[in-house]
Structure formats: C-alpha cells, structure tokens
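Take a look at the letters that make up each chain.
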Amino acid sequence: MKKELLILYLALFLIKFNIYAQEEPCVVNKHITINSPFFFNSFQEGIVVFSDTLKIRALLNYNIITDNIYYSYDNDLYSLDTRDIKYVAICNYRFYFRNTFVLQLLYNKDIKLFVSRKINQEELHDKKGAYNAKSPNTVGSDYAYIKTRGGVKNLRKSNNDKELSINCYYKIMKNNKLYPANKKTFLKLYQNKKPEILEYIRENNIRFNNEASLKQLANFCENL
C-alpha cells in the first residue's frame, strides 16, 4: 500500500512539475506596453559579468521603457547599477552599457553590431502604470509585475494597456569606438573595399534600419 501511495505521490509531483516547466523560457515579449515593459515574458536566470571578471547569477530581465536591466531579489525588483559591469548575459542574449544606454549585441566578429531601443516618450504622457518595483541604484520609473512560482512575470496586455512604439538604433563598434550603423560608417571602416561594398549594398537592397540586412552586410565585409 505504501508503495502505491509513493508512486501516486511521485506521479502527482511530476504532473505539477511539468505544468510549471511548460512555461517556455527565454520567450521575447512582442508587445511592449506600460504594464508589460520587459524584453522577456518572464524573468530568466542570467549572469552579470563585472569588469574584474566577477560573475553573479540572478533572475534578470531588460526593461525597455526605463532602458535598464532589472533583477529579482527577495520578491522585489531592482534596477541594476551598471557601473563596473562588463555585460549581462540572459539566455542567448548579451547586453552591454554605453553612456547609460542598453546595447544588445547582435553580431560579434571583427566588428560588433548592436541595437539600442527607445520608446516614444510622448506615448507615456498622461499614462500611469502600477508601481511595485524598487530602484535603489538608478533613477527611473518602475512598472508592474505579478509573482508566480516561476519568478516574476509581465502583466499581459489588456484593452487599457496600449502597445508602445519602439525605435531601434543600430550601432557598430570597432576598436572600442561606437559608430552609427549606416553606409558612411561601413565605407569608412572598409575604405579599401569601397567599390565592392557599394555594389553589394545595391545588389542586395541593404536596409540600414533592418537587423537582418545589417548582419548580412557585416558578414560580407568580414569576408572581403
């Protein structure tokens, strides 16, 4: 009898475990709103890498509205103090910091390709979200979250929660210098290959406001 009860208990435990495990990790939030401002749909285990190579694991997420990385600790949210941080790794994504901006790494070879995101501030006027998160290290607004067994999760979009517009700004880094990712920069960085690059841009209809196009061009330039 005890054996049967044990088997039943284990079966129920596995069912319960699988229900929580079915929440897909690393799912990117496609609809940024006041009450759903985070890059991932739920907080993910990530690594904060400091300039002195110290590494710390934490539950992390990228808040696009405040343009900062947040961590979850003791059932509260805190904005990350980015001083002395080399980068933050969350799932298969890396985030760097330059002049208070969060830069997501998109391409990493001889040149690095980044994107920074900004919401349209006018869309935030006369709007107020639910305020729960705390920010002891940096100044900025804090937004709503709900607590789940799996950590902290975004509030879902509602009829009163308008989706916000996001502007993407692409950057190129070479020799630790940051440039706008445009035609002029590519031609400057690869001056000896200017004719080939111009021809490639024309033939492949490269768009400098498009992530896939920029990766394609960066890869072409790397292999010249």
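These numbers come from a predicted model, not from an experiment.

**Concerning the overall build of the protein**
Then comes step 1: Secondary structure summary: the protein contains four helices and twelve strands in total.
Then comes step 2: Taking all 224 residues of the protein together, 40% fall into the buried category.
Then comes step 3: Counted over contacts in the protein with a minimum sequence separation of 6, partners at least 24 positions apart contribute 56%.
Then comes step 4: Approximately 13900 Å² of the protein is accessible, and the part contributed by carbon and sulfur atoms is 49%.

**A few points about helix α4 (residues 211-222)**
Then comes step 1: For α4, which comprises twelve residues, the first-to-last C-alpha distance of 16 Å matches the rise-based estimate of 16 Å (1.5 Å per residue) to within 8%.
Then comes step 2: For α4, the set of buried residues is Ser213, Leu214, Leu217, Ala218 and Cys221. An end-on view of α4 places all buried positions within 130° of arc, on one side of the element.
Then comes step 3: Contacts made by the buried residues of α4 are with β7 (101-108), β8 (112-119), β11 (166-174), α2 (183-189) and α3 (194-203).
Then comes step 4: If you check the start of α4, you find a side-chain oxygen 3.1 Å away from the backbone N of alanine 212, and it comes from asparagine 210.

**A closer look at the pairing of strand β12 (residues 177-180)**
Then comes step 1: Relative to β12, β11 is paired through four bridges, and the arrangement is antiparallel. In the strand pairing of β12, lysine 171 is matched with proline 180.
Then comes step 2: Following β11, the chain reverses through two residues before pairing antiparallel with β12; asparagine 175 in that reversal takes a positive phi of roughly 55°.

**Description of the confidence of the model for the protein**
Then comes step 1: For the protein, mean pLDDT is 79; residues scoring 70 or higher make up 74% of the total.
Then comes step 2: A low-confidence stretch, residues 127-151 stays under pLDDT 50, and its non-local contacts, those more than four residues away or across chains, total 55 contacts.

**As for the environment of asparagine 192**
Then comes step 1: Mapped onto the secondary structure, asparagine 192 falls in the loop between α2 and α3.
Then comes step 2: Residue classification places asparagine 192 among the exposed residues on the basis of a relative accessible area of 74%.
Then comes step 3: Distance in space between the C-alpha atoms of asparagine 192 and leucine 224 is 10.0 Å, their sequence separation being 32 residues.

**A few points about the packing of aromatic side chains**
Then comes step 1: In the structure shown here, the tally under the stated rule is 13 aromatic pairs.
Then comes step 2: Between tyrosine 62 and phenylalanine 95, the aromatic rings sit 5.3 Å apart at their centres with planes inclined by 55°, giving tilted as the arrangement. With tyrosine 62 in strand β2 (residues 55-63) and phenylalanine 95 in strand β6 (residues 93-98), this residue pair connects regions lying 33 residues apart in the sequence.
Then comes step 3: The buried category is assigned to phenylalanine 95, whose relative accessible area is 0%.
Then comes step 4: Residues tyrosine 71 and tyrosine 78 carry aromatic rings whose centres are separated by 5.5 Å and whose planes lie at 25° to one another, so their mutual orientation is stacked.
Then comes step 5: Accessibility expressed as a relative area gives 17% for tyrosine 78, which makes it buried.
Then comes step 6: An aromatic cluster is defined as three or more aromatic residues linked by ring pairs; in this entry it consists of Phe39, Phe40, Tyr62, Tyr93 and Phe95.
Then comes step 7: Above the ring of tyrosine 87, the side-chain terminus of arginine 94 is found at 4.0 Å from the ring centroid.

**Some remarks on the environment of aspartate 81**
Then comes step 1: Within the secondary structure, aspartate 81 sits in the loop between β4 (76-79) and β5 (85-90).
Then comes step 2: In sequence terms aspartate 81 and isoleucine 69 are twelve residues apart; their C-alpha atoms lie 8.5 Å from each other.
Then comes step 3: A polar contact is formed between the side chain of aspartate 81 and the side chain of arginine 83, at a distance of 2.5 Å.

**Examining unusual backbone geometry**
Then comes step 1: Despite not being glycine, cysteine 91 shows a phi value in the positive range, around 55°.
Then comes step 2: Within the secondary structure, cysteine 91 sits in the loop between β5 and β6.
Then comes step 3: By relative accessible area, cysteine 91 is classed as partly exposed at 26%.
Then comes step 4: Of note, asparagine 175 is a non-glycine position whose phi angle comes to about 55°, a positive value.
Then comes step 5: Following the sequence through the fold, asparagine 175 ends up in the loop between β11 and β12.
Then comes step 6: Judged by its relative accessible area of 69%, asparagine 175 is exposed.

Criteria and cut-off values
Residues numbered from 1 in each chain as written. Predicted model: local features only at pLDDT ≥ 70, side-chain atom pairs only at ≥ 80, totals over all residues. Heavy atoms only, no water. Helix = DSSP H or I, 4+ residues; strand = E, 2+ residues; numbered from the N terminus. Buried < 20%, exposed > 50% of the residue type's maximum accessible area, 1.4 Å probe, protein only. Contact = heavy atoms within 4.5 Å. Areas by Shrake-Rupley, 256 points an atom, 1.4 Å probe, with all protein chains shown as cover. Expected span 1.5 Å × (residues − 1). Arc of directions from axis to C-beta. Polar contact = N/O pair within 3.5 Å; in protein donor to acceptor, adjacent residues only side chain to side chain. Pairing = 2+ DSSP bridges. pLDDT = per-residue confidence, 0-100. Phe/Tyr/Trp six-rings, centres within 6.5 Å; stacked < 30°, edge-to-face > 60°. Lys NZ or Arg CZ within 6 Å of the ring centre and 35° of its normal.

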